[in-house]
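# Per-entry structural report
Read off the chains here:
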Amino acid sequence: MANTIADTRRLFTKPQNLNDAYGPPSNFLEIDVSNPETVGVGRSRYTTYEVRLKTNLPIFKLKESSVRRRYSDFEWLRTELERESKVVVPPLPGKALFRQLPFRGDDGIFDDNFIEERRQGLEQFLNKVAGHPLAQNERCLHMFLQEDTVDRSYTPSKVRQA
């Protein structure tokens with residue numbers, strides 16, 4: 001049997017210049033969940049969050065977008081991704097049923113600290129999901145991130161690159 005020797009030579013690399021080091025990344029996807037707003041009164045009260053997207057990925061038709069979503073919209077997105085994609089979908093931050101009980105002595109689910117914790121959890125969820133290459137092909141994700149309203153009666157499909 002012949003002895004084989006591993007080739008340990010390095011690939012030729014060109015020196016990096018300032019534009020390479022500090023220029024825009026070749027592919028990027030930034031999603032921020034921010035600016036929570038509580039709207040409504042009594043039982044019809046809920047909190048919405050601004051979801052901002054910046055990207056240069058060709059799969060997204062808009063390179064920048066900003067939409068408002070409530071927690072139930074995030075639940076819808078998670079359910080759709082579980083049903084339609086082959087992606088293992090991470091959990092959402094909890095429903096906080098205990099916080100919805102009356103006579104708690106605080107603002108419950110409308111408490112500033114709770115809203116901030118939930119905002120952080122929703123941002124983590126979206127970045128994990130949207131960063132997955134298979135999830136990026138799902139129409140429900142594009143609708144959630146880039147369209148003003150979520151059409152819950154949409155026809156599930158894959159997104160094709162332009």
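Located above this text is the structure these notes cover.
Thresholds applied
Residues numbered from 1 in each chain as written. Predicted model: local features only at pLDDT ≥ 70, side-chain atom pairs only at ≥ 80, totals over all residues. Heavy atoms only, no water. Salt bridge = Lys/Arg side-chain N within 4 Å of Asp/Glu carboxyl O. Helix = DSSP H or I, 4+ residues; strand = E, 2+ residues; numbered from the N terminus. Buried < 20%, exposed > 50% of the residue type's maximum accessible area, 1.4 Å probe, protein only. Axes fitted to C-alpha atoms, helices over the stretch in contact; angles between N-to-C directions. Parallel < 35°, antiparallel > 145°, perpendicular 65-115°, else oblique. Left-handed = near helix turned anticlockwise from the far one by under 90°. Contact = heavy atoms within 4.5 Å.

### Some thoughts on the pattern of salt bridges
- On inspection of all chains with the given rule, the structure shows eight salt bridges.
- Among the ionic pairs, Glu116 bridges to Arg119, the shortest N-O distance being 2.9 Å. Pair noted here: Glu116 and Arg119 are both in helix H3 (residues 112-130), with a separation of three residues, about one helical turn.
- Classification of Glu116 as partly exposed rests on a relative accessible area of 32%.
- Its relative accessible area of 14% is what places Arg119 among the buried residues.
- Within the structure, one salt-bridge network assembled from shared partners comprises Glu80, Arg83 and Glu84.

### Overview of the environment of Gly121
- With respect to the helices and strands, Gly121 occurs in helix H3.
- Linking Gly121 and Leu92, residues 29 residues apart in sequence, is a C-alpha distance of 6.8 Å.

### Notes on the packing of H3 against helix H4 (residues 139-146)
- At their nearest, the axes of H3 and H4 sit 12 Å apart, and the two run at 135° to each other. If you check the angle between H3 and H4, you find them oblique. You can see that H3 and H4 cross each other, and the crossing is left-handed. In this structure, H3 contributes Leu126, Val129 and Ala130 to the contact, and H4 contributes Leu141, Phe144 and Leu145.

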